[in-house]
Every structure is written in C-alpha cells, then in structure tokens.
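# Chains, contacts and geometry: an overview
Spelled out from the first residue to the last, the chains are:
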Amino acid sequence: EVQLVQSGAEVKKPGESLKISCKGSEYTFTSNWIGWVRQMPGKGLEWMGVIYPGDSETRYSPSFQGQVTISADKSISTAYLQWSSLKASDTAIYYCAKVVGLTRWGGSGFEDWGQGTLVTVSS
Amino acid sequence: DIVMTQTPLSLSVTPGQPASISCKSSQSLLHSDGKTYLYWYLQKPGQSPQLLIYEVSSRFSGVPARFSGSGSGTDFTLKISRVEAEDVGVYYCMQGIHLMYTFGQGTKLEIK
C-alpha cells in the first residue's frame, strides 16, 4: 500500500523559515510526480506545484511561483516544501499527493495523499 | 488558467436519496491522448482528500458502486445513487490536463 507520511505540525513566527517534508513508500518514488496542495482554514484546495523526484524537475502554480520552493531527496524518498520568510497568510494545512498519469508530462491526477501538515504562523 | 465551477456549493440529502454535483471547466479537458483528465475527490471532516473518480468515470479502488461520474469536454457530473451517512463531507472536482491542476470550489454534502 502506497504511503505518504508528512512531517508534524509547526508553529512559527512571521519572517521565520520553514521546510516540511513528505516521505513516500511502497512505490517507486522516482517515477511519479509529487504535488503539494494548500488548504487555508475553512477553505478549499489549491494546487501549489509538483516535483519529479527522478530529476527534481519542478512546476509551480503561478499563484505560488516565487513564494515557496519545492525540492526532493530521492535517496530518502522525501519531498519538501519550504518557505524563506513566512507570513500569517501562510497559515494552512499542506498536503502532498502522488501524481498518477499515462505519461510523465501528460494528463494526470492525485491518487494518494499524505495526512497533511498544519502550519500556523502567528506573532 | 482553467477555471473549474461546481454547483451547487451545498447539498442536504435524506439518506437513501440520490445526489448530483455538477462541475464545469472553462476549457475542454480532452487531452491529445484521447483521455479526459477530470477527477472527483471527497474530503471527509478532519481527513485528507480521497480519490473517488478518475478520468471522468472510472471508480478508484475501494470506492462503492453508488458513486458514478459522467460527462465530456467541459461538463461533468458526480452522482451518488443512494446517499449514506458516511458520504458527508466536501466534494471537489479537479482538472489535470497539462501538469497544471485546478480544483473546483467544493460542494458540501450534509445529511438531513
């Protein structure tokens, strides 16, 4: 059974940096894109970006380009989402999800999801 | 950007009755490979989203047969033939045609 296990909840102050993680198991981590999705309190789902762990190619939503950095360490089957300077508006649950599609750059969707990481940014 | 519009935004259904959610995309989701990349997810209270339907009408592993998806091009529908108490939550449609994803606003299903 595919598993995506995310790091634990974080409480940070505005201006601080943060890196959260998503560890995949029971599948070939380097062969599927991993996506990140934001859910602000009481709101819907927003796609942030994806990474292909095999060669770390990344694609970002225009809404999140330059606001976050997505990376991966294929040696430990882990993807990351990081901020260099958090804002209160970054308070949200962040989900990682495994992308499944016919080809690497074709159409696709999110099949398996992590449990989510709650990030709270408050002074 | 492809915009996904769901209706209704909320639904209150008596157990055993059917339910239907519409999702419209601003562009066709038909890919050159012949597949249409429209997905349906359910987010139960306090849980991560879970995949229900992929590529318009294929039920994901373990999804009950009372869930069905249909549609083509830009118009799609999720139907629940007989709603059960465990179906409460928020339903999202999502497009994934070119490694750029967009979710609908979500439809909250409550039980009467």
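Reading guide: rules and limits
Residues numbered from 1 in each chain as written. Chains lettered and ligands numbered in written order. Predicted model: local features only at pLDDT ≥ 70, side-chain atom pairs only at ≥ 80, totals over all residues. Heavy atoms only, no water. Contact = heavy atoms within 4.5 Å. Buried area = accessible area lost by both parts, 1.4 Å probe. Salt bridge = Lys/Arg side-chain N within 4 Å of Asp/Glu carboxyl O. Polar contact = N/O pair within 3.5 Å; in protein donor to acceptor, adjacent residues only side chain to side chain. Helix = DSSP H or I, 4+ residues; strand = E, 2+ residues; numbered from the N terminus. Buried < 20%, exposed > 50% of the residue type's maximum accessible area, 1.4 Å probe, protein only. Pairing = 2+ DSSP bridges. Axes fitted to C-alpha atoms, helices over the stretch in contact; angles between N-to-C directions. Disulfide = S-S within 2.5 Å.

A few words now on the interface of chain A and chain B. Listed as interface residues are 28 residues of chain A and, on the opposing side, 22 residues of chain B. Roughly 1,900 Å² of surface becomes buried between chain A and chain B when both sides are summed, with 63% attributable to carbon and sulfur atoms. If you look at where chain A meets chain B, you find 0 salt bridges. Joining chain A to chain B, the criterion identifies 9 residue pairs in polar contact (both at pLDDT 80 or more). With 5 residues, the single largest contributor to the side of chain A that touches chain B is strand β10 (residues 108-113) of chain A.

Now for the pairing of strand β11 (residues 117-121) of chain A. Residue and element names in this part refer to chain A. Going residue by residue along β11, you find Thr117, Val119 and Val121 tucked away on one face and Leu118 and Thr120 left uncovered on the opposite face. Of the pairings in the sheet, the one linking strand β2 (residues 10-12) to β11 comprises 3 bridges and is parallel in character. Each residue of the ladder has a partner; that of Lys12, found in β11, is Val121.

Turning next to the environment of Trp113 of chain A. As for its placement among the helices and strands, Trp113 of chain A is situated in strand β10. Taking relative accessible area as the criterion, Trp113 of chain A reaches 11% and is therefore assigned buried.

For the rest of this paragraph, the subject is the sheet that holds strand β8 (residues 78-83) of chain A. Hydrogen bonding along the main chain pairs the strands of a sheet, whether they run parallel or antiparallel. All names here are of chain A. Sheet architecture is open: 4 strands sit in the order β1-β3-β8-β7, paired in antiparallel fashion. Edge positions in the sheet fall to β1 (3-6) and β7 (69-73), since each has one partner strand and no second. In this sheet, adjacent strand axes meet at a mean angle of 20° when their direction is disregarded.

Residues and elements named next belong to chain A. Scanning the entire structure with this criterion turns up 2 disulfides over all chains. Each disulfide pairs two cysteine sulfurs, and for Cys22 the partner residue is Cys96, the sulfurs being separated by 2.0 Å. With the S-S dihedral at roughly 75°, the linkage between Cys22 and Cys96 falls on the right-handed side. Residue Cys22 is found in strand β3 (residues 18-25), and its partner Cys96 is found in strand β9 (residues 92-101); the two are separated by 74 residues along the sequence. For the pair Cys22 and Cys96, one class covers both residues: buried.

Apart from glycine, the bulk of residues carry a negative phi angle, and the bulk of peptide bonds sit in the trans form. At the junction of Thr7 of chain B and Pro8 of chain B, the peptide bond is cis and its omega measures out at -10° in the coordinates. The topology assignment puts Pro8 of chain B in the loop between β1 (4-7) and β2 (10-13). Non-glycine residue Ser56 of chain A carries a positive phi angle of around 65°. Along the polypeptide, Ser56 of chain A turns up in the loop between β5 (45-52) and β6 (57-60). If you check the backbone angles, Val56 of chain B has positive phi at about 75° while not being a glycine. Tracing the backbone through its elements, the reader meets Val56 of chain B in the loop between β5 (50-54) and β6 (58-59). When its relative accessible area of 7% is taken as the criterion, Val56 of chain B is described as buried.

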